[in-house]
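Chain and residue survey
Here is what each chain is made of, one letter per residue.
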Amino acid sequence: MTANPSHPSQPGTKAYSFLAGGGKATDLIVARDWSNHPLGPPEHWSEALKSTLSLVLNSPESMILCWGKEELTFFFNEAYFPLLGPRLDWAMGAPFRKVWADAWAQAEPIVADAFAGRSQHYEDLPWKLATDRGRADTWFSFSYSRILDPEGEVAGLFIFTNETTDRVLADEALRASEEKWRGLFATLQEGFLLGEIIRDDSGTPINWRYAEVNDAWHELVGVPKGSAVGRSVREVIPGIEEEWISILAEVVATGETARFTERVGPLGRWYDCVAQPAGGDRFTVIFSEATERVQRLNRQAAVVALTDVLQNQQNVVDLIMTASAIIGETMNVELVGYGNVDDVAETITVERDWTAGGAKSLAGLRHFRDYGSYIEDFKRGQTVIVGDCRLDPRTRDHAAALEERSARAFVNIPIFERGRFVALLYVSSVRPRNWSEEDLQFLQDASARLRSAVQRIRAEKQQDVLNKEIVHRLKNTLAMVQSIASLTLKDHLEPGTLTIFARRLTALGAAQNVLLEKASGPADLRELIDRVLGAVGVFDRYDADGPAVSFGPRAALSTSLLLHELTTNALKYGALSNQGTIDIDWDIDGSGDERRFVLRWTERGGPPAKRPTSKGFGSRLIQMGLAGAGGSKLDYGSDGLAATFEAPIADLTRS
């Protein structure tokens, strides 16, 4: 949401001076005192927050980031500056509900829906906000989409927004002008046409004819004056969509007014229209161009869709195809693709690409110089922008080859890694096109996101291969340690001691498997319990319950040994030695830096527990508790052992 985009602040205020001086969002972040902020100083921010904030700050579209489900810390980029009005002075890092306190009652349920996974998109939603003009009626279009952290939890919200007050008010003025259109016809700034339905022999509408148009019609449609009246729309605009026939035929048939926004594909333009019956087969249409607004909204929606796809897709080819489809539909082009480049051979290899309207795919191996002389531009890191291949000096000698590949106009964005030209995103149109600055910004943003996602998937696959190799080698190492110990110590230890040692190695191996499957990241406690107890054959005689919690590598290994000793004792002397069971539950007490993790092991239906008469290694392990931090309490009851272990949660989750 926004407030008075035309005049963000009165001259002389701090916000106005900041905008006039070309201030940056990063300047506002640096200038803020974060010492007492819930997020802490920026150097302590999570990688998830830093990477997400980077996307926001570098987006060409007006964008907000609200971080933290409770705090809703408010960030924004430069494109959003004009929308804040006097709030710009203090809004960066403030709570979202404070920045827009005067609209929070209306915004709160929308935010709640977004956090619940119901992504929201609103068009022309009315709000009453405090602006530089005082409290006023305003209208907005915006989209909410949630952001997930690496653990799949909701970390915050993306919000794309723009104020549509001026357009809504203009629409109201347009509706008023409809009532007196005949008197204002000559001076009407909106486009106006009087048309008549054309029917076939059976009476079915198949076309319509221009009976009258005003001067603004010619300007908005781009057709020379005197070339429309008396001719059909199919003659004036060949290839026009069928919707322009069916909608207006429906207005005539029903006698009801129709308000709609439609694209004229051959013109590459969008129009907001109000159509009314004018008696018999006649109708009127008053319209204004909506191309810029529709394209902006489409780009915003595409960024949200791309974010979802690029975060969740795990296959490179499927990722490229889905992203290319989003880009192609957003840009209204016929060909989009992404290929790997050999900059020495000057070739591009494309596995698959997205096409529409009968365009030919570029899949396969292609030589750049077969299509023009712009390979040197790529090698210099320059985006190649061609509005018409017949006119551009780099392509006019190869125009036939380009048009054969549906590239009358195109944008090619080179992608570099370590100083080398390695990949290319190409976007092509079958007709000439003036690529706008907003088009190019969107495509640059999309190409950077796409490359990052491709690199992520390939890195994850490589890491998976390495992890599997590490698991294999670790198993071999533990087996070798077990064999060496058996051969070396069998004549020096009491019977059964080597068996205990081997089982402890098995418990360590189970914990290592959990860690390595998580790419050496945190190990889930519930999975750790299942692996360790399962390693000694206990599968269905225990219940484990507690909140989701992950241990760091050191705590995971020591906890696996602790669980192994408790399970072994239960099998020998406790509840698992007869028909008993074990309850394992845990929770987290306290808040902030004082939070403590509490794990409870309770044996039920077993023989009375007896305090050990000697202190062996296993007993010392149990008394050392979680991560060797102590905090163990043992109760040798009549129904079996009950043990409670405590440790600071920070000690257990540390990497």
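None of the values given here were measured: they were computed from a predicted structure. (Residues numbered from 1 in each chain as written. Predicted model: local features only at pLDDT ≥ 70, side-chain atom pairs only at ≥ 80, totals over all residues. Heavy atoms only, no water.)

**Focus: the overall build of the chain**
To be explicit about the condition: Only DSSP runs of H or I with at least four residues qualify as helices, and only runs of E with at least two residues qualify as strands; both kinds are numbered from the N terminus onward. For every residue, the accessible area (1.4 Å probe, protein chains only) is compared with the maximum for its type, and the residue is labelled buried under 20%, exposed over 50%, or partly exposed between those bounds. Each accessible area value is a Shrake-Rupley result obtained with a 1.4 Å probe; residue values ignore everything except the protein chains displayed when judging cover.
If you tally the helices and strands in the chain, you get 20 helices and 24 strands. The proportion of buried residues among the 655 residues of the chain is 47%. Per element, the accessible surface of the chain, about 31,600 Å² overall, is 50% carbon and sulfur.

**A short note on the sheet that holds strand 21 (residues 581-589)**
Heads up, the rule is: What makes two strands pair is DSSP finding at least two bridges between them. Structural elements are reduced to axes, namely lines fitted to C-alpha atoms, with helices fitted over the stretch in contact, and the angle between N-to-C directions of any two is expressed from 0 to 180 degrees.
If you trace the five strands from one edge of the open sheet to the other, you get 19-21-22-24-23, paired in mixed fashion. If you trace the sheet from one side to the other, it starts and ends with strand 19 (542-545) and strand 23 (632-637), each paired once. Strand-to-strand twist of the sheet, defined as the mean angle between neighbouring strand axes without regard to direction, takes the value 10°. One ladder, built from nine bridges, connects strand 21 with strand 22 (residues 596-604); its direction is antiparallel.

**So, helix 17 (residues 525-535)**
Where we set the bar: In protein, a polar contact means a hydrogen-donor-capable atom and an acceptor-capable atom, both N or O and within 3.5 Å, with residues adjacent in sequence counting only if both atoms are side-chain atoms; elsewhere, any N or O pair within 3.5 Å suffices.
Taken together, the buried positions of helix 17 are occupied by Leu525, Leu528, Ile529, Val532, Leu533 and Gly534. One side-chain oxygen at the N-terminal end of helix 17 lies 3.3 Å from the backbone nitrogen of Arg526; it belongs to Asp524. Count one or two residues on from helix 17 and you reach Gly537, which has phi positive near 90°.

**Concerning the pairing of strand 7 (residues 205-213)**
The pairing of strand 6 (residues 191-199) with strand 7 spans seven bridges and is antiparallel. Counterpart to Glu196 in the pairing with strand 7 is Arg209. Counted along the chain from strand 6 to the antiparallel partner strand 7, the turn is five residues long, and its residue Gly203 has a positive phi close to 90°.

**Some thoughts on the pattern of salt bridges**
The test is simple: What makes a salt bridge here is a side-chain nitrogen of Lys or Arg within 4 Å of a carboxyl oxygen of Asp or Glu, nothing more.
The tally for this structure, following the rule as stated, stands at 30 salt bridges. When the shortest N-O distance is used, the salt bridge between Arg604 and Asp583 registers 2.6 Å. Placement of the pair is Arg604 in strand 22 and Asp583 in strand 21, with a sequence separation of 21 residues. Under the relative-accessibility criterion, Arg604 is labelled partly exposed at 41%. Notably, a salt bridge pairs Asp585 with Arg600, separated by 2.7 Å at the nearest N-O pair. Separated by 15 residues along the polypeptide, Asp585 in strand 21 and Arg600 in strand 22 bring together distant segments of the chain. For Arg600, a relative accessible area of 24% gives the class partly exposed. Several salt bridges share partner residues, and in doing so they unite Glu61, Arg299, Arg433 and Asp439 into one network.

**Some points on the environment of Gln311**
Here Gln311 lies in helix 11 (residues 291-312). Taking the C-alpha atoms as reference, Gln311 lies 9.1 Å from Leu148; in sequence the two are 163 residues apart.

**Observations concerning the pairing of strand 19**
Strand residues, when the strand is regular, have side chains that alternate between the two faces of the sheet. Along strand 19, the buried face is formed by Tyr542 and Ala544; none of Asp543 and Asp545, which line the opposite face, is buried. Pairing between strand 19 and strand 21: four bridges, direction parallel. Within strand 21, the residue paired with Ala544 across the bridge is Ile584.

**Considerations on the nonpolar core**
Soluble globular proteins tend to pack their nonpolar side chains together in the buried interior. Selection criterion: Buried residues of nine kinds, namely Ala, Val, Leu, Ile, Met, Phe, Trp, Tyr and Cys, make up a nonpolar core once their side-chain atoms join them within 4.5 Å. Working rule for contacts: check all heavy atoms of both residues, and any pair within 4.5 Å makes them a contact.
Within the largest apolar cluster, 83 residues are counted, with the highest numbers of intra-cluster contacts made by Phe74, Phe75, Phe76 and Phe96. Phe75 has contacts with Ile29, Trp34, Leu39, Trp45, Leu49, Leu53, Met63, Ile64, Leu65, Trp67 and Met92, leaving out every residue within four places of it along the chain. Core analysis: the second largest hydrophobic core is formed by 33 residues, Val532, Leu563, Leu566 and Leu652 among them.

**A look at the environment of Gly606**
Mapped onto the fold, Gly606 is located in the loop between strand 22 and helix 19 (617-624). With 36 residues separating them in the primary sequence, Gly606 and Ala570 have C-alpha atoms 8.6 Å apart. Among all residues touching Gly606, those that are not within four sequence positions of it are Ala575, Asn578, Gly580, Ser638 and Asp639.

**Here we look at the packing of aromatic side chains**
Definition in use: In summary, the pairing rule links any two rings of Phe, Tyr or Trp, Trp by its six-membered ring, whose centres are within 6.5 Å, and it sorts them by plane angle into stacked for under 30 degrees, edge-to-face for over 60 and tilted for everything else. Both a distance and an angle decide whether a charge sits over a ring: NZ of Lys or CZ of Arg must be within 6 Å of the ring centre and within 35 degrees of the ring normal.
Tallying each qualifying case throughout the model produces 24 aromatic pairs. On the numbers, 6.1 Å between centres and 65° between planes, the contact of Phe74 with Tyr80 is edge-to-face. By relative accessible area, Tyr80 is classed as buried at 0%. An angle of 70° between the planes, with centres 5.4 Å apart, marks the rings of Phe142 and Tyr144 as edge-to-face. Taking the relative accessible area as the measure of exposure, Phe142 reaches 2% and is therefore buried. Through a chain of ring-to-ring contacts, three or more aromatic side chains come together here, namely Phe74, Phe76, Tyr80, Phe81, Phe96 and Trp104. One Lys or Arg, Arg32, reaches over the ring of Trp34 and ends 5.5 Å from the middle of that ring.

**A few points about the environment of Gly93**
Of note, Gly93 is situated in the loop between strand 2 (73-76) and helix 4 (96-99). Relative accessible area serves as the criterion here: at 2%, Gly93 is assigned to the buried category. Sequence spacing of Gly93 and Phe76 is 17 residues, and the spatial spacing of their C-alpha atoms is 9.1 Å. Residues contacting Gly93, with those up to four places away along its chain left out, are Arg32, Trp34, His37, Thr73 and Phe74.

**Observations concerning the packing of helix 17 against helix 18 (residues 553-572)**
Rule in force here: Orientation categories follow fixed angle ranges, with anything under 35 degrees roughly parallel, anything over 145 roughly antiparallel, 65 to 115 roughly perpendicular, and all other angles oblique. Less than a right angle of anticlockwise turn of the near helix away from the far helix marks a crossing as left-handed, whereas a clockwise turn marks it as right-handed. In this classification, the charged set is Asp, Glu, Lys and Arg, the nonpolar set is Ala, Val, Leu, Ile, Met, Phe, Trp, Tyr, Cys and Pro, and all remaining amino acids, among them Gly, are polar.
At a minimum axis distance of 10 Å, the contact between helix 17 and helix 18 shows a crossing angle of 45°. Here helix 18 runs oblique to helix 17, going by the angle between their axes. Between helix 17 and helix 18 lies a crossing of right-handed hand. Residues Leu525, Leu528, Ile529, Val532 and Leu533 of helix 17 touch helix 18, and the partners they reach there are Ala556, Thr559, Ser560, Leu563, His564 and Thr567. Taken together, the residues of the contact of helix 17 with helix 18 break down into seven nonpolar, four polar and no charged.

**Considerations on the confidence of the model for the chain**
Keep this limit in mind: pLDDT is a residue-level measure of predictor confidence that goes from 0 to 100.
Averaged over the chain, the pLDDT score is 82; the fraction of residues at 70 or greater is 82%. Summarising per-element confidence for the chain, the mean pLDDT is lowest in helix 1 (residues 14-20) (49) and highest in helix 10 (residues 243-254) (96). Note that residues 1-13 has pLDDT below 50 and, in this model, 47 contacts with residues that lie over four places away or in other chains.

**Observations concerning helix 5 (residues 104-115)**
Counted only if it meets this: By this rule the span expected of a helix is its residue count minus one, scaled by 1.5 Å. It is the directions from the helix axis to the C-beta atoms that the arc portrays.
In this model helix 5 runs 16 Å from its N-terminal to its C-terminal C-alpha over twelve residues, within 8% of the 16 Å that 1.5 Å per residue would give. Here helix 5 has its buried residues at Trp104, Ala107, Ile110, Val111, Ala114 and Phe115. Burial along helix 5 is one-sided: seen end-on, the buried residues are contained in an arc of 135°. Positive backbone phi, at 95°, marks Gly117, one or two positions downstream of helix 5.

**Here we look at the sheet that holds strand 9 (residues 269-277)**
Sheet strands pair by backbone hydrogen bonding; their relative direction is either parallel or antiparallel. One open sheet holds the five strands; their spatial order is 7-6-10-9-8, and the pairing between them is antiparallel. At either end of the open sheet lies a strand with only one pairing partner, and these are strand 7 and strand 8 (258-264). Each strand of the sheet is rotated relative to its neighbour by a mean of 35°, with strand direction disregarded. Taken together, the seven bridges between strand 8 and strand 9 define a ladder with antiparallel strand orientation. What sits directly across from Thr261, in strand 9, is Asp272. Those strands touched by helix 10 are strand 6, strand 7, strand 8, strand 9 and strand 10 (282-289), and its axis lies near 165° from that of strand 8. Sheet contacts for helix 11: strand 8, strand 9 and strand 10; angle to strand 9, the most-contacted strand, approximately 120°.

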